[in-house]
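Chain by chain, the residues run as shown.
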Amino acid sequence: MREFAASVVKEFLHIFRDRRTILIAMVMPVVQIILFGFAVSTEVNDVRVVFCGDMSDPAIRNAVDRMDNNRYLRITGRIDSPDEVEGVFRKNRADAIVLFGRDFGSGLVQPGHSQVRIVGDGSDPNTAQMITSYIKGVLQAEQTDFSISFTGEKKTSMTPVVQLMYNPAMKSSYNFVPGVMGLILMLICSMMTAVSIVREKETGTLELLLVSPVRPLWIIVSKMIPYLVLSAVNFISILLLSHYVMEVPVNGSILLLSAAALVFVVTSLALGLLISVISPNQRTALLICGMGLTMPTMIFSGIIFPCESMPEILQWFSDIIPAKWFIIIVKKVMIQGSGLASAAKEMLILTGMAAVLLAVSIKSFRTRLQ
C-alpha cells in the first residue's frame, strides 16, 4: 500500500511540474465552458429593424415603440417606400424590414383586415425565421392591447405576411455552403503549409535551402504556390458542387468572388506559415491548426451561431477571424448578388489581414531560421 501511495504522489508531482498538462487539465475546461456558455446561443439579439409606415397613425407608432423596447429588437431606421427594401439589405443596414399598410390602425379592430408585411434576409434562413417570429409576436401583442382598449375584447387574429429575400424556399444550403467553403479553404491552406514547412525543419532540408543562393523570400513563395494552386482547384470544385448539386445560386460576379477567395487563401497560407514558425514539430502544428483554428472558426465566424448574439467582447474576438469576413463576402456576392461596393468593407479588412499576416510570417520565419 505504501508503494501504491508513493506512485500516486509521484504522478501528481509529474502533473504539477508540467505546465502544459495543468493548462490542458485545469484551465482549458474553464475557458471552454465560458466560451460555449456565452458564444453558443440559438437566440438572436440586437436585431436591426427598419420600418415603412405613416407615423401619424397611433397604431403604427405604438407598434414601432413596442419593437424598439423589445429586448431582441432595435429600430435603426425608416424608409419611405417598399422599393427601397432590396437596397437596405444590400447595404447591410437591417436584418428585417416591417412594411405597414395604410389602414394598419383601423385593421387592428377588424380581424383579418390589418395589413403588415415582414421582410427578412433569407441568406441565413434559421436566423431569418427567428427574427420574423420575434416581430410577429410583438405585432400580435400590439393587436391584443389595441383590441382590448377599443372593444374590450381580446383579439389576436392578425397574421403578418412573411417574405424572405434571396431564399424564399428556405433552403439551409444557402447558409452552410458559404460557411463550409470558408472553413475548408482555411484549414487546408493553413494546415498543409504549416505541416510542409515543419517537416522540412525536422529533416534539416530547409536549412540547406536557406544557405543556397536563392533568397529566403523566394523559397517561401515557391513553397506556397503549389498550395495556392491546390486551393484554387478546391475553390472551383466547391463552387461547382454548390451551384449544380446543392442548387445554391451565384447571383453576383464570379470574378469578385474569385478575388475574395484569392485574398482569403493568401491570408490562410500566411497563417499556416506563422504556425510553422512557432511549431517545433508536425504534431504541434497539427494540434494548433486543429484546436486553434477549427474551433474558433466554427464558433466565431457565423457558420453556426450569429456573431451579433454574442457578448461584445466575443464579437471583438470574432472580428480577427478571417473566415468571418470571407463568409460575409460569399453570402453577399453569391446569394444577394451584391457588387464590390457592398462588399468593399469586408474586402479591405481581409486584404489588410493578408498583408499583416504575410509580413509578420515572413519576417518571423527569416528571424527564426537564418
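Residues numbered from 1 in each chain as written. Predicted model: local features only at pLDDT ≥ 70, side-chain atom pairs only at ≥ 80, totals over all residues. Heavy atoms only, no water.

### Observations regarding helix α7 (residues 173-203)
- Counted at 1.5 Å a residue, the expected span for α7 with its 31 residues is 45 Å, and the 44 Å between its end C-alpha atoms agrees.
- Burial analysis of α7 places 22 of its 31 residues in the buried class, the great majority of the element. (Helix = DSSP H or I, 4+ residues; strand = E, 2+ residues; numbered from the N terminus. Expected span 1.5 Å × (residues − 1). Buried < 20%, exposed > 50% of the residue type's maximum accessible area, 1.4 Å probe, protein only.)

### Concerning the side chain of Thr-132
- Relative to the helices and strands, Thr-132 resides in helix α6 (residues 125-151).
- Residue Thr-132 is classed as buried on the basis of its relative accessible area of 6%.
- Of the polar contacts made by the side chain of Thr-132, one reaches the backbone oxygen of Gln-129; its length is 2.9 Å.
- The residues contacting Thr-132, other than those within four sequence positions of it, are Ile-118, Val-162 and Leu-164. (Polar contact = N/O pair within 3.5 Å; in protein donor to acceptor, adjacent residues only side chain to side chain. Contact = heavy atoms within 4.5 Å.)

### Considerations on the UniProt feature "transmembrane region" (unreviewed entry) in the protein chain
- Mapped onto the present numbering, the UniProt feature "transmembrane region" (unreviewed entry) falls on residues 21-40, 176-198, 225-246, 252-278, 285-305 and 347-365.
- Secondary structure content for residues 176-198 is 100% helix and 0% strand, while the C-alpha to C-alpha distance between its ends is 32 Å.
- Across residues 252-278, helical content stands at 93% and strand content at 0%; the span's end C-alpha atoms are separated by 39 Å. (UniProt positions renumbered as here; feature names shortened; annotations may be inferred.)

### A short note on the packing of aromatic side chains
- Evaluated as defined, the whole model comprises three aromatic pairs.
- Each ring, one from Tyr-72 and one from Tyr-134, has its centre 4.5 Å from the other, and the planes form 15°; the classification is stacked. In this pair, Tyr-72 is assigned in the loop between α3 (58-69) and β2 (73-78) and Tyr-134 in helix α6, connecting sequence segments 62 residues apart.
- Taking the relative accessible area as the measure of exposure, Tyr-72 reaches 16% and is therefore buried.
- Geometrically, the ring pair formed by Phe-264 and Phe-326 is stacked, given 4.5 Å between the ring centres and 5° between the ring planes. Linking Phe-264 in helix α10 (residues 254-278) with Phe-326 in helix α13 (residues 322-335), this pair joins segments that are 62 residues apart in sequence. Side by side, Phe-264 and Phe-326 carry an identical accessibility label, which is buried.
- Positioned over the ring face of Trp-325 is Lys-324, at 4.9 Å from the centre of the ring. (Phe/Tyr/Trp six-rings, centres within 6.5 Å; stacked < 30°, edge-to-face > 60°. Lys NZ or Arg CZ within 6 Å of the ring centre and 35° of its normal.)

### Regarding the sheet that holds strand β5 (residues 161-165)
- Read from one edge of the open sheet, five strands run β2-β1-β3-β4-β5, paired in mixed fashion. With partners counted over all chains shown, the strands left at the sheet margins are β2 and β5, one partner each. Strand-to-strand twist across the sheet, computed as the mean angle between neighbouring axes with direction ignored, equals 25°.
- Relative to β5, strand β4 (residues 116-121) runs parallel, the two sharing five bridges. Looking across to β5, one finds that Gly-120 is bridged to Leu-164.
- Contacts from α3 reach β1 (47-52), β2 and β3 (96-100) within the one sheet, and its direction differs from that of β2 by about 130°. (Pairing = 2+ DSSP bridges. Axes fitted to C-alpha atoms, helices over the stretch in contact; angles between N-to-C directions.)

### Some thoughts on the pattern of salt bridges
- Scanning all chains against the criterion turns up seven salt bridges.
- Asp-80 is the salt-bridge partner of Arg-78, the closest N and O atoms lying 3.4 Å from each other.
- Look at Asp-80 and you get exposed, because its relative accessible area is 62%.
- With a shortest N-O distance of 4.0 Å, Lys-331 and Asp-124 are connected by a salt bridge. Taken as a pair, Lys-331 in helix α13 and Asp-124 in the loop between β4 and α6 lie far apart in primary sequence, 207 residues in all. The exposure classification of Lys-331 matches that of Asp-124, with both residues buried. (Salt bridge = Lys/Arg side-chain N within 4 Å of Asp/Glu carboxyl O.)

### A word on unusual backbone geometry
- Even without being a glycine, Asp-46 presents a positive backbone phi close to 55°.
- Note on placement: Asp-46 falls in the loop between α2 (19-39) and β1.
- Although it is not a glycine, Asn-92 adopts a positive phi angle of roughly 55°.
- Position of Asn-92 among the secondary structure elements: in the loop between α4 (85-90) and β3.

### Notes on the packing of α10 against helix α11 (residues 282-300)
- Packing of α10 against α11 leaves a shortest axis separation of 9 Å and a crossing angle of 130°. Here α10 lies oblique to α11, going by the angle between them. The hand of the α10/α11 crossing is right-handed. Contact with α10, carried on its side by Leu-271, Ile-275 and Ile-278, involves Ala-285, Ile-288, Cys-289 and Leu-293 of α11 and no other residues of that element.
- Of the residues contributing to the contact of α10 with α11, the split by class is seven nonpolar, no polar and no charged. (Parallel < 35°, antiparallel > 145°, perpendicular 65-115°, else oblique. Left-handed = near helix turned anticlockwise from the far one by under 90°. Nonpolar A, V, L, I, M, F, W, Y, C, P; charged D, E, K, R; others polar.)

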